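# Observations on the model geometry
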Amino acid sequence: MKRIFTYMAMMLVAAGCTMDRKVEYDPLMEFEFLPVMHVAAKADVVEDYPEGQPFAVNAWTLERGCRWEDDATSPQAYLEEEDVVYGGGGWKLSCDALWPERDKSLSFIGFTPIEAFGACTLAEGVTCTYDMLQTQTDIMYTDPQTDVDKVECGGIVIMPFRHALCQVDFEVKNRVAKNEEIIIKSIKIDGVKHTGSFRSL
């Protein structure tokens, strides 16, 4: 009888240990992205991200509990200039990479067009040189999207893109009769710098 009670006591202790142990949900997940345009606080017009325009991402890992804001020089590279393309109803990586285990968070920087940028680093973000007389390219990038947990975001990373350069619009106002028409044949700008370099951080 004593042996039976001893065995039952051991089973209860074992059961108690098993019930107290917490198993964290850590599924295998593919990356999915949602590119949008950054909205300024006083923006009159909300832009849409250019339909179907591919972009690239870099991503770095940090141990969970660390923050990009405090440890921005210590993350480890995870994705390097990987293409993101639209297909099958969503924006996916063109490679087969999956999210890391959940004991790590990820931080992302996106940029497009891919060929316009020279590099993407922790210290400077995305960098490029440009000559707007040679190419009329709308260069766009994201601020770092930091400390992303794959379960909390459902595997979907929102990427708010900004314009690296500005577009100039011209408006001409004049008092004319309703039946008169003004035809503008050319507009000329002098002394505008059209070459330079850019870094996002």
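This text goes with the structure placed above it.
Residues numbered from 1 in each chain as written. Predicted model: local features only at pLDDT ≥ 70, side-chain atom pairs only at ≥ 80, totals over all residues. Heavy atoms only, no water.

## Considerations on the pattern of salt bridges
- The final tally for this structure, using the stated rule, is nine salt bridges.
- In this structure, the salt-bridge partner of E63 is K104, at a minimum N-O distance of 3.6 Å. Residue E63 is found in strand β2 (residues 55-63), and its partner K104 is found in strand β5 (residues 104-112); the two are separated by 41 residues along the sequence.
- For E63, a relative accessible area of 42% puts it in the partly exposed group.
- Residue K104 is classed as partly exposed on the basis of its relative accessible area, which comes to 29%. (Salt bridge = Lys/Arg side-chain N within 4 Å of Asp/Glu carboxyl O. Helix = DSSP H or I, 4+ residues; strand = E, 2+ residues; numbered from the N terminus. Buried < 20%, exposed > 50% of the residue type's maximum accessible area, 1.4 Å probe, protein only.)

## Regarding the nonpolar core
- Counting residues in each nonpolar core, the largest one holds 20 residues, and the members touching the most others are F31, F33, F55, V57, W99, F108 and M159.
- Of all the secondary structure elements, the ones that give two or more residues to this core are β1 (32-37), β2, β3 (76-87), β4 (90-93), β5 and β10 (156-163).
- With residues up to four places along the chain from it excluded, the contact list for F33 reads F55, V57, V84, W91, L93, F108, V157 and M159.
- The next biggest cluster of nonpolar side chains, apart from the first, holds 14 residues, and it includes F117, C120, I139 and A164. (Core = buried A, V, L, I, M, F, W, Y, C linked by side-chain atoms within 4.5 Å. Contact = heavy atoms within 4.5 Å.)

## Examining unusual backbone geometry
- Residues T112 and P113 are joined by a peptide bond in cis, for which omega reads -5 degrees.
- If you trace the backbone, P113 turns up in the loop between β5 and β6 (119-121).
- One non-glycine residue with positive phi stands out, namely E81, at about 50 degrees.
- Assignment of secondary structure puts E81 in strand β3.
- The residue D147 is not glycine, and still its phi comes out positive at about 55 degrees.
- The topology assignment puts D147 in strand β9 (residues 145-148).
- The class for D147 is partly exposed, based on a relative accessible area of 29%.

## Let's talk about the sheet that holds strand β7 (residues 125-131)
- Here three strands make up an open sheet; going across it, the order is β6-β7-β11 and the pairing antiparallel. Edge positions in the sheet fall to β6 and β11 (195-199), since each has one partner strand and no second. Shown here is a sheet whose adjacent strand axes are inclined to one another by a mean of 15 degrees, direction ignored.
- The sheet contact formed by β7 and β11 spans five bridges and is antiparallel. Considered in β11, the bridge of Y130 is made with G196. (Pairing = 2+ DSSP bridges. Axes fitted to C-alpha atoms, helices over the stretch in contact; angles between N-to-C directions.)

## Topic: the packing of aromatic side chains
- A complete count under the given rule lists 16 aromatic pairs for this structure.
- Pairing F111 with F117 gives two aromatic rings, centres 5.4 Å apart and planes at 65 degrees, and the pair type is edge-to-face. The pair formed by F111 and F117 is uniform in burial state, with each residue classed as buried.
- Ring geometry for Y141 versus F198: centroids 5.2 Å apart, planes at 55 degrees, classification tilted. Of this pair, Y141 sits in strand β8 (residues 140-142) while F198 is found in strand β11, placing the two residues 57 residues apart along the sequence. Of the two residues, Y141 and F198, neither departs from the other in class, the shared state being buried.
- The rings of F31, F33, Y49, F55, Y78, Y86, W91, W99, F108 and F161 are connected pair by pair, giving a single aromatic cluster. (Phe/Tyr/Trp six-rings, centres within 6.5 Å; stacked < 30°, edge-to-face > 60°.)

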